[in-house]
Structure formats: C-alpha cells, structure tokens
Amino acid sequence: MKAIRRFTVRPVLPEALRPLSDLARNLRWSWHTETRDLFQAVDPDGWRACDGDPVQLLGAVPAGRLAELAADRRFLRRLTAAADDLDDYLHGRRWYQTHPRAAEFPAAVAYFSPEFGVTAALPQYSGGLGILAGDHLKAASDLGAPLIGVGLLYRHGYFRQSLSRDGWQQEHYPLLDPDELPVTLLREPGGSPAQISLALPAGRSLRAHVWVARVGRVPLLMLDSDVEENGPGERDVTDRLYGGGSEHRLLQEMLLGIGGVRAVRTYCRLTGHPEPEVFHTNEGHAGFLGLERIREAGEAGLGFDAAIEAVRAGTVFTTHTPVPAGIDRFDRELVARHLGDRGALPGVPVDRILRLGTETYPGGDPQVFNMAVMGLRLAQRANGVSTLHGAVSRGMFAGLWPGFDTEEVPITSVTNGVHAPTWVAPEVFRLGARRIGASRAEDALTVGGSELWHAVEGIPDAEIWELRRELREQLVTEVRTRLRASWRQRGAGAAELGWVDGVLDPDVLTIGFARRVPSYKRLTLMLRDRDRLRSLLLHPERPVQIVVAGKAHPADDGGKRLVQELVRFADDPRVRHRIAFLPDYGMAMAQKLYPGCDVWLNNPLRPLEACGTSGMKAALNGCLNLSVLDGWWDEWYEPDFGWAIPTADGDGTSAVSAVSAMDEDRRDDLEAAALYELIENRVAPRFYDRGPGGLPHHWVGMVRRTLAVLGPKVLAGRMVREYVERLYAPAAGAHRALDAATAGDLAGWKARVRGAWPKVAVDHVEAVEHAPAGTAELGVVLALRVRVALGDLTPDEVEVQAVAGRVDADDAITDARPYPLKPAGGPDLEGRVVYEGPLPLDRTGAFGYTIRVLPSHPLLASPADLGLVAWPGAR
C-alpha cells in the first residue's frame, strides 16, 4: 500500500548536541571539511547512506547513538570547536568590511538567478548557470559581501537521469520535501508562513511561501508556489526547473522577478537585514525584478521615466548566452495579459512595459518580448562572463546602441570563477596546507593571492605525482561503483557484470568530459573517427582512458541521441574497460571526477561557450586542460597549462562565423582530427615520458604551473571581488545619487536631449599641422577646429571628441581612441559652437580620424547610454 502523505519524524537532540542542528542548517558544511568530518563521526554508515547530507543524517540517527555522543567528551569538544568556528565565520570582519573603499560598497546586494547549485543536498540546478550562482553566493559569504540570493524552490528540482538497456536517456523527477532539505520556512512574528502574492488574469492569484537556505553568511530565498491557497495550475508553477510551456515559463519568471523583490522586502522587514542598494540580474530569467521596482517607485510618487532611471542606477545585468536562441522570448500579447492593471503590476502602463522588451534593432522580431533586451535596458551596468564572451555580447546586442562601434557597446566582462573550497579535493588542500599552513591555505582558496599559490612550486615532484595517482585511483573506484549501479538499472544481472572490476586503470592517462549536452558542446566529437579513437584507447604503450558524463534536456531528442551514441560506443566489449559513460551527472559526481582526471577535455563550437567553468574546477586539482580556445581558456591559455585544440574556421569571434563559415561536417572532421593528433603525439607522450624514479617530470611541471598560475585566476573570490569593485560599488554610488528629485531631473534631461538631438550636427572641421607643410610624421600634432550645431542644447550637455586610429582598406578606424575637444567660446547667433583641441599623430601607418558629438551628464554611466551620437555629414 502507498502512503497518502509523507513526512519526517525527527529525533529530539539532547541539549549537548543542539549545535548539530545549527551546523546542519547552514550550508557552509558543504565546503567546510572539518564540519563534514564531524557529521561523518556521528554515524559513518548513516553518513554514506544519506550521501553526505547532515539534515537527512540527523533525521535518521538512532536515539541510542545520540545518547552515546552526548556523553562522549571528545566528540563534544569537536562539536564546540565547530560551532565556535561557524560563529566566528558568520560574524567576523572579512575582506568586504576591511576594504579601504568599504564605505562605497553597497549595504546589501540582491542576487537573482533561476537556479542555484550550492550542494547536491539541495538539488536546485541543471548546469553551469546554477553552479556559477551557487559559487557566487559561497564566495560572497567567504569575503563577507552582504548578498541576498533569490531563486525558486522546485519541488521536483531538475531531473535525475538513468539509461535504458539500449542507452536512451530516461528522466525521473523525485518529489522533494522541503522538510527534508536544509531550508527553513520564513515566518511572520505570529508564526504563520510569510506569503508573497501576484495577481493573475481573470481574478486569479499566484501565492508563494519563502524558504530560506543559509549559505554561510548569505541567505538564499527560494519561492515555493506549492501552497494550499493556490489553484492546481498555480501550485505547479514551481514544479520543476525549465519545464512546461511558454506560459508556465512566464509565470516562473514573474514569480522569480516580481515575487522575488517582494520576498526580499519581506525578508528585510522580518529580519532587519539591510535593504539592497544593488540588484544583480543573473541572466534574463529574473528580468521582471526591474518592473516590480518600477511599480514600487511609482507608488512612491515617481513617474515612469523617473522610475526607470532610479531602477537602472542600482541594477547590474549579467548575460550568459552567446547566441540569440539562448534567450527567453515571449509573445507580446501573453506578457501584456499577465502584467499591468489587471495583472501583477497595477499602475504600470503595459505599453511602456512592452517597449522595454521590444527588439528594435535590424532583424529583430517586433512581436516578441525579449527578456535580455529588457534586462539590458533596465540595467545601467552589464557584463558578459569572459573576455571573449563580452566581445560576442557587444556584437550580439550592438543594435540597441545604434551609431556606436561594437567595441563601444556598454557591456563589459567579468570572467567567471569557481569556489575553490567546494571543488578542491581535500587531499589537494592538505598538500598545500603542509607547505604554508592550514589557515593561509584557506585564505588562498577564498580571498586569493598569487604569493600563496606560488608556494606549490616548492613541492617535490614525487609528492605531486603520488597525489595525482591517489586521486586517479579514487576515481577508478568511483567509476566502477557508479557503472555497476547504472548497469543494474539497465537490467543487467550481477553475474553479467564481472567485467566492471576491470574498468579503468589507475596508471593510465585519464581524460574527463562532463557537461550538459546541447549540440554546440559536441559530446560526440571524439567519435568522428571511431577507429582512431579505439587505437588511442588501446595503444599498447601509451593507452588513454576516458570518463564521460552529461545530461540532455528532456525535450532535446537530438541531445538524447548524442548520449545514446556515446553510450553505445562505451558499451562495446572491445573498449568498455577504457571508456565509461556515467549517468546522472551532478555536483556529487563532479566533486569526484575533477580531481581524478589528468586531462579535462572541452571541445565546444567556438565562440558558443560563454565561459566553461568545468575546466577551472579541474585545474584547481592539478588537471591539465585540453580545449578549444573558447570562454575562459581563450583568455588564459598558455602552453604550460595544457593544449589548445585548433579550430577550423578562423578566429570565431561571432556565432555566425562559427556556425556558417564552412560545412559543419567538414569542420567537425578537421577539429576531431586535430584532437586525435594532440592526444596521440603530444598529450600521451608527455604523460608517459618518465625520468629517474619513474616520474614524468615535464608533466608534473605542468601540473605545478597550473596550480601556481591558474589557481588564483580561476577563483570565485577573484570574480566576486571584481563584481564588488567594478560593478556593485559604482552601482551603489549611482543609486545613492538618484533620489526622487534627481531621478526626475535626469529623466527630464534625457527626454529633452532626445527631442533636441536631430538638430545636433558637426558643421565644419579643419586641421592645422604644427609641422612643416605637407608632412604627417610620427609626433606631429594636428590642431583641430570644429564647428558644431547644438540646437537647443548647451555646451555642457554634450561632449565633442576627435576619434582617431589606424584605418583599414575601407577607411574604418580599427583601434579607435577618443580625444576630447573643448569649446573655444559661446554659441553664435545660429547656436553653433567652435571646439578646439590637439590630435597627436602617435601611430605610424594608415591613420585617420573623425569627429563625433555625444550627450554628456555626470550621472551617465557610459557615453553610449542614450544611444545618441552625431557625426560629420549625418544631419
């Protein structure tokens, strides 16, 4: 028979053990080794049975065992030390509080994301976006940055993956009970659950409770629509991550953005947490948060245009996709029906909302509402997630800033990082701690500092190589365990699986490949020439073994076919001891996989990998990268760290060139051949080239350089410090500068400038050389004199620039540099102003210049902010 309701009956902890509950409810245990060791000591068998989840452990530990521990003085001393350490971590002054510019930093930042990968015990993630968001919160906690995370609590999370007998992906959606998760329900003072409500069409309402996960110092608020007051459709809004049709996704994103802001306000009211001065939108899914803040500003008396300025000032938008297909786009009528006076945003004019998401650029679709376009229009600061991705994003969204060169589009980049305490194997940490001490090693993982990482260079080759073999051996054991379990799920009997004990070899070069399975990541590129791959796997002197994992989206049959193709190859008795596909890729598997691999393979279609942080996690464990020059690898690749797979279609700086520059099959054949060549002739020989004592000194040297030089670069701590200093602090300053009156003045000024701009023009340009006539030599200075028509604007409302640099065959300036010009007097009777200034000829070769006029205001974050520019002859 089946129960109609399930719940967990928890034991009452003895008074002496009460701190265990606090330790279990703060997710710092997920990256704090000493706390995990303490829980393992509670019940080693139970710890393994619950996959290292303290909440489940405490719900299952026998009362007799608790009584034993309450009388165990040694355990109680360890418990007291762990509780004191957590208290110090939560309340001590850290990097954020002690920074010389701390007064400029925001009192709080609200960080919105549709998914968060904090720990396998809280499965609210599908892939890199969620893992990145989780690492962002953890690093912020380590640094003392006052973030509030905002997401949704999906009752089925993302799917669990298994395989059919013939290798086809199968999805399972286990029900998650919040009472069995490391979360706490946010409650009002009287004890009732705090509730968020959104009005929906036809008089319906979408209500949600708020669950709070403690990620170290950072609260993560997760909205849950599975509440009794909702109708069946509304209860299912937070049923699963990235599920359902267009309206379902719209409701999820409304709850995340609009409901998320309301949840933040409720949380701050109930806990006294400082109100956020900055709102960070992690991808367009959460973009509706800007509309809710506009509604709030309207209630406070601001008009729509002034409200936009107030909201933009304190908003940061991060884009994670390099292709338009990766952006959420909704039918305009669907959006209009759910927002406005009869929907979730009463008082906010629907026509103005729709205008924010309209694709106004050439090639855009006027019938859709683009979430990324809205996100960019409602954020004064925006960034991509690697240097290359920033360039791709500027190209992709350049149409929003017409008249500006792509490189001037106001989208910067902050390269992603990974949370080292989460992803560095304990064995690797202990090796470093023996050199510099545990405290300094912990600082190296969290705050960073290249001098601490360079201590790795003093570790003898033998110690590093011994560690690498130990980690490889652990991976072999893990793979065999998971492979046997997978085959049992596929219907194999125990008698059929004796061969699993011979899968992989701890002394063989091990390559890892694990990620989501969209087509651009090219899971099966390694299978282009199967005979060549077999020869690599079975090489008599320099064999290779490969561990592969990955999930295809449930609706992506093409991705599922790629998984099946790989699985069927790995099932071949000739090679199955050298290549394994592990189903159900997630955080728990990844934490075993990265340290145990010698080489991390990444072969996306350039430049479609925005960043690709899996290779970073591998590098932190001494794993070398073998990757296409895309994402972060394009930025930091050096031969000391690994190998670059050549691409077949040039520099690949745009998604168009990557996809259409040549026949796709031809491109994949060429790049696969380059991959085989690298493995056979460069990677494997270096791994197996042994010197005295059987040590591969050159290989170990690359491992050492990877740790010493890449280590401090790929840290999430470095990433969060960049966000704080380059984006959060300026956004907080802009927010503080824009009170209601100032926001209204700025909105009025922008409206006036837009109305006056058609009359702005460059009427005349002349240049005088400060050199003998007819020469244009390096070092010569041109004296520019420019007459500009300003119409109804004044000189202090514009900036006039000479823009100069080398020119190509079409006279396009390729490395433009601006040189400001100054007014030489007041306007004449026709409103024209003369501007003058020097232009040095500081570069040789073909050189050119032009003149432009831009709006200027002290509260603009970028000269391109209004998308207005006047050029000679453009009138």
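Each remark here, short or long, concerns the structure printed above.
No experiment lies behind these values; they were computed from the predicted model shown.

What counts, and where the lines are drawn
- Residues numbered from 1 in each chain as written.
- Predicted model: local features only at pLDDT ≥ 70, side-chain atom pairs only at ≥ 80, totals over all residues.
- Heavy atoms only, no water.
- Helix = DSSP H or I, 4+ residues; strand = E, 2+ residues; numbered from the N terminus.
- Rg over C-alpha atoms; globule rule 2.2 N^0.38 Å.
- Buried < 20%, exposed > 50% of the residue type's maximum accessible area, 1.4 Å probe, protein only.
- Contact = heavy atoms within 4.5 Å.
- Areas by Shrake-Rupley, 256 points an atom, 1.4 Å probe, with all protein chains shown as cover.
- Lys, Arg positive; Asp, Glu negative; His and termini not counted.
- Charge placed at Lys NZ, Arg CZ, Asp CG, Glu CD.
- Patch = residues over 30% accessible without salt bridge, like charges linked within 9 Å, V, L, I, M, F, W, Y side chains within 5 Å.
- Salt bridge = Lys/Arg side-chain N within 4 Å of Asp/Glu carboxyl O.
- 1 Å grid on protein atoms, 1.4 Å probe; cavity = no way out; pocket = protein on both sides within 12 Å on 5 of 7 lines; lining within 4 Å.
- Points joined across faces, edges and corners; volume = space filled by probe spheres on them.
- Axes fitted to C-alpha atoms, helices over the stretch in contact; angles between N-to-C directions.
- Parallel < 35°, antiparallel > 145°, perpendicular 65-115°, else oblique.
- Left-handed = near helix turned anticlockwise from the far one by under 90°.

Here's the deal with the overall build of the protein chain
- The helix and strand tally for the protein chain stands at 31 helices and 26 strands.
- Relative to the 2.2 N^0.38 estimate, which gives 29 Å for 875 residues, the radius of gyration of the protein chain is 29 Å and therefore close to what a compact globule would have.
- Considered along the principal axes of its C-alpha atoms, the protein chain spans approximately 95 × 70 × 50 Å.
- Here the protein chain, with 875 residues, has 57% of them falling under the buried criterion.
- When contacts within the protein chain are restricted to residue pairs at least 6 apart in sequence, long-range pairs at least 24 apart make up 73% of them.
- Counting every atom, the protein chain has about 34400 Å² of accessible surface; 50% of that belongs to carbon and sulfur.
- Here the protein chain contributes 100 positive and 114 negative side-chain charges, whose respective centroids are spaced 4 Å apart.

Quick look at a negative patch on the surface
- Together, Glu 34, Asp 37, Glu 442 and Asp 443 line one region of the surface with negative charge.
- Looking at the negative patch, the elements that each hand over two or more residues are helix 2 (33-42) and helix 19 (438-446).
- One can find Glu 442 in helix 19.
- We classify Glu 442 as partly exposed; its relative accessible area is 36%.

With respect to empty space enclosed by the protein
- By the definition in use, this model includes seven cavities of 30 Å³ or more.
- In this model, the largest cavity occupies a volume close to 270 Å³.
- Val 428, Phe 429, Gly 432, Trp 453 and Val 456 are the residues nearest the centre of the largest cavity, which is lined by 23 residues in total.
- When residues of the lining of the largest cavity are traced back to their parent elements, those giving at least two are helix 18 (426-436), helix 19, helix 20 (450-453), helix 21 (461-489) and helix 29 (697-710).

Examining the pattern of salt bridges
- A full pass over the atoms with the stated rule returns 60 salt bridges.
- Residue Glu 104 is joined to Arg 101 by a salt bridge in which the shortest nitrogen-to-oxygen separation is 3.1 Å.
- As a salt-bridge pair, Arg 522 and Asp 668 come within 2.8 Å of each other at their nearest N and O atoms. Taken together, the residues Arg 522 in the loop between strand 15 (509-514) and helix 22 (530-537) and Asp 668 in helix 28 (residues 664-688) connect sequence positions 146 residues apart. With respect to burial, Arg 522 and Asp 668 carry one shared label: buried.
- A network of salt bridges, in which partner residues are shared, links Arg 155, Asp 224, Asp 226 and Arg 235.

Here's the deal with a positive patch on the surface
- Among the surface-exposed residues, Arg 73, Arg 74, Arg 77 and Arg 78 lie close enough to one another that they form a single positively charged patch.
- Within the secondary structure, Arg 74 is located in helix 6 (residues 73-91).
- In this structure Arg 74 comes out as exposed when scored by relative accessible area, which is 63%.

Digging into the packing of helix 18 against helix 19
- The contact between helix 18 and helix 19 brings their axes to 7 Å, and the two run at 125°. Of the possible angle classes, the one that applies to helix 18 and helix 19 is oblique. Judged by the sense of rotation from one axis to the other, the crossing of helix 18 with helix 19 is right-handed. Facing helix 18, whose interface residues are Phe 429, Gly 432, Ala 433 and Ile 436, helix 19 presents Ala 438, Arg 440, Ala 441, Glu 442 and Leu 445.

So, the environment of Ile 851
- With respect to the helices and strands, Ile 851 occurs in strand 26 (residues 847-855).
- Residue Ile 851 is classed as buried on the basis of its relative accessible area of 1%.
- Separated by 592 residues in the primary sequence, Ile 851 and Gly 259 have C-alpha atoms spaced 47 Å apart.
- Those residues in contact with Ile 851, other than ones at most four positions away along the chain, are Val 762, Val 765, Leu 784, Val 786, Val 800, Gln 801, Ala 802, Leu 821, Ala 870, Trp 871 and Pro 872.

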